[in-house]
2 protein chains.
Amino acid sequence: MDVKDLFKKIEDYENKDVVLEGWVRNNRNQSNFGFIDFNDGTYFQNLQLVYDKELSDFDKISKIRVGSAIRVNGTIIKSVGSGQSHEMKVKSVEVLGDCPEDYPIQPKRHTREFLRELAYLRPRTNLFNAVFRVRSVAAQAIHEYFQSNNYVYFHSPIITGADCEGSGQMFKITTLDMNNLPLGKDKKVDFKKDLFGKQTYITGSGQLHGETFALAYKKIYTFGPTMRTENSNTKTHANEFWMIEPEIAFCDMNGIMDIEEEMLKFIIKYVMERCPLEIDFFDKFVEKGLKDKLNKVLNSKFVRITHKEAITLLKEAKVDFEFKPEYGEDIAKEHEKYITEHFNGPVFITDWPKDIKAFYMKLNDDNETVAAVDLEVPGSGELIGGSQREDDYDKLINRMKEMNIPLENLDWYTNLRRFGGCYHAGFGLGFERLIMYLTGVENIRDVIPYPRTPNNCDY
Amino acid sequence: MDVKDLFKKIEDYENKDVVLEGWVRNNRNQSNFGFIDFNDGTYFQNLQLVYDKELSDFDKISKIRVGSAIRVNGTIIKSVGSGQSHEMKVKSVEVLGDCPEDYPIQPKRHTREFLRELAYLRPRTNLFNAVFRVRSVAAQAIHEYFQSNNYVYFHSPIITGADCEGSGQMFKITTLDMNNLPLGKDKKVDFKKDLFGKQTYITGSGQLHGETFALAYKKIYTFGPTMRTENSNTKTHANEFWMIEPEIAFCDMNGIMDIEEEMLKFIIKYVMERCPLEIDFFDKFVEKGLKDKLNKVLNSKFVRITHKEAITLLKEAKVDFEFKPEYGEDIAKEHEKYITEHFNGPVFITDWPKDIKAFYMKLNDDNETVAAVDLEVPGSGELIGGSQREDDYDKLINRMKEMNIPLENLDWYTNLRRFGGCYHAGFGLGFERLIMYLTGVENIRDVIPYPRTPNNCDY
């Protein structure tokens, strides 16, 4: 049985015998009795195993090392000690898998940097066990939110022949022998000999493909891995991460703000209900005040201001910003911070200058701004970016030409505006940003099981 | 509102006015009245809109073309005609997005080959709309099955530096300019200049990484895209597809058979309950007898036989097989077919000859077979492949050496046998195979939104 199921109904097991399999987190003993902190990975809390001298193999059990896999048979009893309501009085222990003395995960505090080097063992520690369980539960929250609201889960392709993002920003993918590339008459690589008969890439977004399905299903979402080539070594960048990209037909910019707010509250509530021990742990050891922060979001109504209003607010602020806020320009980290602190909660900033936003965003009537919206949250800055999409065929084509987006391979995308086009909108949520926000963990490397960052692709 | 929500409680809306947005699937009219088949993509069934001459813009509505996006306001009434219980009596229609006369998706039968060329429009047809909705619902079934059974959803990395699968079978990935590759002193590509500082690949499986998390969480599953370079143009091969790879600690070969059987029944039941119209449609137009097939699986107990028993059965069969069945050898498609027909239901074949299976599978005591198990289902052959993993460190190392698996980059994998190792097992389910099985659709290209196959990477 799983320890999680045991803890869920522990009163029912009082004075009953159970057999459990799991790992030894710690083993402390004195001459007449000992305690094993036992964990099978299904539940955050350890089960305390108590064994005493009366057991014929007391000495053997005393010597079981940290990290060992065991099968234990014993009786669940009310705990006499403090720290837990119940514990197990051991009848017998069988070692299934030993662990050497030099096992690197010991019952003491390890630094995150040390554990990052041991990515394959770190989920056995409290912190990472909690992080990756929250990651799993948050993923399910997302699926449940969208599925219960009539969305279709759309698997956008990872490999693409279209280089609309600019091939310099995408990974190239090939089956050719890179030390012996076939060349054409022009002395360039002959990609006709590659598996797909042309040069192919890994996409950095499923949005354009997502729009094609939104115009068939009304509501779709993607949830899959995304790879980008950014050569930046920061706490918030990784070259492989997961994204959620919902796209909704018959929905405008206000509509997606409603959806984003509802979705975010749903996820927070879902995770807090299902991972209370993990959230308590983060609140205590990772980000003091995390629970208050999350509860505040649940009970707030998100503020909505335009980019212009945000700049005015920043200009009027009595703060000496490193970057001077300007109309028509981007908003820096320090500005985001000021704004979310000013409103003391999440803020939607809408109607951004068109020149700093993507080609597919709907041009507003002022001809200067687009119907884009970023959600800024206290402590983390931008969490979600979205927009209403340009649904006017001519305006879209003009914008693509202005921004040198190649038209020829994107007729399937632009045609959506000709074949029963409609107003529609969508957004992108970086899954790791969400997990960092939910756990308080500050480095993206610590919320991805096996992170890939520049010069780092171990395991 | 979504048409799905309308249909769910259509009696509640009787004689009430609603506003809907969606697309025109068909528009037929006579001099005094007309019918629009209306669909917003959230529900398989069309809503019939009835409009009559009394409307001031009757002529305009009569001319709305197939494919157009409209907003309609009208009253839900009991239908007098046959074919549906309710319909909408139109009060007004607004065209949101026109559609040209030459719109390729017309209300007639299109071949799947024709629609494959129009991958971005085909989800607007009945068949593909049903297929991709079932795909979405089946994905949710999988998540719900595992999450409700205490599994952690594990995101295995896509990019890897380990070439344990043999680099010839994996896509290479690079940020280097392939027409101007930097060379080292040995005249070979200098991958130190690549983003990760070494040659990197796209993994074809998350299993090895999955095992590391199973030995921390007991029960994990992956569900993500997988890319393989096989240059085969068959109905069942694609170069990009989605896989589910559960891995369970303290579980043996019999344990995973139990899990596979329970999971498959759960998914079938879940999809049949949530997509009854779609399943009816497939049963009628795609695979006659589909519903019977699925119901039979729900009510059967899967047979379990060893590979040796299977070969004996085949040898004794009075059938002239193209490939002669032999002990110690693989089982061909025709054999799978015979076996599932013989038992008239799903069959687990266990204990395969070690020489035709992977290095990580547990060697049985006979030293000739491994604790591997394939699930064969009637009509589709192999659906799931799994095994207990080799948990003996020395045996694993020996087997890797025998099979020329490079040891140096896989110490994190082999160490799992040293650091609290335990008996564990897992399996791989190709998601597209499952969708083909659930829908009766025979070509993998028709169950993937944007399929990637050799020489085919459009969109």
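Refer to the structure presented above.
The rules behind the values
Residues numbered from 1 in each chain as written. Chains lettered and ligands numbered in written order. Predicted model: local features only at pLDDT ≥ 70, side-chain atom pairs only at ≥ 80, totals over all residues. Heavy atoms only, no water. Helix = DSSP H or I, 4+ residues; strand = E, 2+ residues; numbered from the N terminus. Buried < 20%, exposed > 50% of the residue type's maximum accessible area, 1.4 Å probe, protein only. Contact = heavy atoms within 4.5 Å. Areas by Shrake-Rupley, 256 points an atom, 1.4 Å probe, with all protein chains shown as cover. Lys, Arg positive; Asp, Glu negative; His and termini not counted. Charge placed at Lys NZ, Arg CZ, Asp CG, Glu CD. Polar contact = N/O pair within 3.5 Å; in protein donor to acceptor, adjacent residues only side chain to side chain. Salt bridge = Lys/Arg side-chain N within 4 Å of Asp/Glu carboxyl O. Pairing = 2+ DSSP bridges. Axes fitted to C-alpha atoms, helices over the stretch in contact; angles between N-to-C directions. Disulfide = S-S within 2.5 Å. Least-squares fit on C-alpha atoms with pLDDT ≥ 70 in both. Phe/Tyr/Trp six-rings, centres within 6.5 Å; stacked < 30°, edge-to-face > 60°. Parallel < 35°, antiparallel > 145°, perpendicular 65-115°, else oblique.

A. Local environment of the overall build of chain A. A tally of regular secondary structure across chain A gives 13 helices and 16 strands. Overall, chain A is about 85 × 60 × 45 Å in size when its C-alpha atoms are taken along their principal axes. Taken across its 459 residues, chain A has 60% of its residues classed as buried. A separation of at least 24 residues holds for 66% of the contacts in chain A among residues at least 6 apart in sequence. Of the roughly 18,800 Å² of accessible surface on chain A, 46% is carried by carbon and sulfur atoms. Averaging the locations of the 61 positively and 72 negatively charged side chains of chain A gives two centres separated by 2 Å.

B. Spatial organisation of the side chain of Gln388 of chain B. Residue and element names in this part refer to chain B. With respect to the helices and strands, the residue Gln388 is situated in strand 15 (residues 381-388). Residue classification places Gln388 among the buried residues on the basis of a relative accessible area of 9%. At 3.1 Å, the side chain of Gln388 forms a polar contact with the backbone nitrogen of Met253. The residues contacting Gln388, other than those within four sequence positions of it, are Cys251, Asp252, Met253, Tyr360, Met361, Lys362, Ala371, Tyr423, His424 and Ala425.

C. Seen up close, the environment of Ser56 of chain B. By the secondary structure assignment, Ser56 of chain B is in the loop between strand 3 (47-52) and helix 2 (58-62). Separated by 35 residues in the primary sequence, Ser56 of chain B and Lys91 of chain B place their C-alpha atoms 9.8 Å from one another.

D. Structural view of the pattern of salt bridges. Counting across every chain of the model gives 72 salt bridges over all chains. Put simply, Asp17 of chain A and Lys91 of chain A hold a salt bridge, and the shortest N to O gap is 2.5 Å. Placement of Asp17 of chain A in strand 1 (residues 17-29) and of Lys91 of chain A in strand 5 (residues 86-97) is noted, with a sequence separation of 74 residues between them. Between Glu341 of chain B and Lys337 of chain B there is a salt bridge whose closest N-O contact spans 3.2 Å. In this pair, Glu341 of chain B and Lys337 of chain B are both assigned in helix 10 (residues 333-343), four residues apart and thus about one turn of the helix distant. One network of salt bridges, in which partners are shared, links Asp2 and Asp40 of chain A together with Lys218 and Lys219 of chain B.

E. Focus on unusual backbone geometry. The backbone of Tyr459 of chain A shows a phi angle near 70 degrees, a positive value even though the residue is not glycine. Its relative accessible area of 16% is what places Tyr459 of chain A among the buried residues. Of note, Asn150 of chain B is a non-glycine position whose phi angle comes to about 70 degrees, a positive value. Assignment of secondary structure puts Asn150 of chain B in the loop between helix 4 (126-148) and strand 6 (152-153). Using a relative accessible area of 7% as the deciding quantity, one classes Asn150 of chain B as buried.

F. How the structure looks around the pairing of strand 15 of chain B. Residue and element names in this part refer to chain B. Judged by how many residues are buried, strand 15 sits mostly within the fold: six of eight residues are covered. In the sheet, strand 14 (residues 369-377) pairs with strand 15 via six bridges, with the strands oriented antiparallel. If you follow Asp374 over to strand 15, its bridge partner there is Gly385.

G. Fine view of the pairing of strand 14 of chain B. Counted residue by residue, strand 14 of chain B has nine buried out of nine residues, so it is predominantly covered. Counting the residues in the hairpin turn of strand 14 of chain B and strand 15 of chain B gives three residues, including Gly379 of chain B, whose phi is positive at 90 degrees.

H. Focus on the environment of Ile76 of chain B. Residues and elements named next belong to chain B. With respect to the element layout, Ile76 can be found in strand 4 (residues 69-78). When the C-alpha positions of Ile76 and Tyr413 are compared, they lie 62 Å apart, and in sequence the two are 337 residues distant. Ile76 has contacts with Leu6, Ile10, Tyr13, Glu14, Asn15, Lys16, Val18, His86, Glu87 and Met88, leaving out every residue within four places of it along the chain.

I. Looking closely at the sheet that holds strand 2 (residues 33-39) of chain A. All names here are of chain A. Spatially, 1-2-3-5-4 is the arrangement adopted by the five strands of the closed barrel, whose pairing is mixed. Between one strand and the next, the sheet's axes are offset by a mean angle of 55 degrees, whatever the strand orientation. Where strand 3 (residues 47-52) lies against strand 5, two bridges are found, and the strand directions are parallel. Each bridged residue has a counterpart across the sheet, and for Val50 the counterpart in strand 5 is Lys89.

J. Structural detail: the state of the cysteines. Under the criterion given, the structure shown has zero disulfides over all chains. A disulfide-free cysteine, Cys251 of chain A has its sulfur positioned 9.9 Å from the sulfur of Cys422 of chain A, the nearest such atom.

K. Structural context of the sheet that holds strand 9 (residues 200-202) of chain A. The antiparallel open sheet is built from six strands, whose spatial order is 7(A)-9(A)-8(A)-8(B)-9(B)-7(B). Looking at which strands have only one partner, the edges of the open sheet turn out to be strand 7 (159-160) of chain A together with strand 7 (159-160) of chain B. Here two bridges tie strand 8 (residues 172-174) of chain B to strand 9 (residues 200-202) of chain B, and the two strands are oriented antiparallel to one another. Within strand 9 of chain B, the position partnered with Lys172 of chain B by the bridge is Tyr201 of chain B.

L. A look at the relation of the copies chain B and chain A. By a simple turn and slide, chain B fits onto chain A: the slide is 0.0 Å along the axis, the RMSD is 0.0 Å, and the turn is 180 degrees. Interpreted geometrically, this transformation is the action of a two-fold axis. The rotation axis passes nearest to the C-alpha of Ile173 of chain B in chain B, at a distance of 2.3 Å. Residue by residue, 99% of the interface of chain B is reproduced at the interface of chain A, so both copies engage with the same surface.

M. Quick peek at the packing of aromatic side chains. Taken as a whole, this structure holds 68 aromatic pairs over all chains when the rule is applied. Here the aromatic rings of Tyr153 of chain A and Tyr221 of chain A are separated by 5.0 Å at their centres, their planes lie at 20 degrees, and the arrangement is stacked. With Tyr153 of chain A in strand 6 (residues 152-153) and Tyr221 of chain A in strand 10 (residues 219-227), this pair connects stretches of sequence that are 68 residues apart. Residue Tyr221 of chain A is classed as buried on the basis of its relative accessible area, which comes to 0%. Considering the side-chain rings of Trp412 of chain A and Tyr459 of chain B, the 5.9 Å spacing of their centres and the 70 degrees angle between planes classify their relative orientation as edge-to-face. Remark: Tyr459 of chain B occurs in the segment after helix 13 (431-439) and Trp412 of chain A occurs in helix 12 (residues 411-414); the pair is interchain, linking two chains.

N. How the structure looks around the side chain of Asp40 of chain B. Residues and elements named next belong to chain B. Inspection of the secondary structure puts Asp40 in the loop between strand 2 (33-39) and strand 3. Engagement of the side chain of Asp40 in a polar contact is seen with the backbone nitrogen of Val3, the distance being 2.9 Å. Of note is the side chain of Asp40, whose polar atom sits 2.7 Å from the side chain of Thr42.

O. Seen up close, the packing of helix 9 (residues 307-316) of chain B against helix 10 of chain B. All names here are of chain B. As a packed pair, helix 9 and helix 10 sit with axes 11 Å apart at the nearest point and diverge in direction by 90 degrees. Considering their axes alone, helix 9 and helix 10 lie roughly perpendicular with respect to each other. Of helix 10, the residues touching helix 9 (which contributes Ala310, Leu313 and Leu314) are His335, Tyr338, Ile339, His342 and Phe343.

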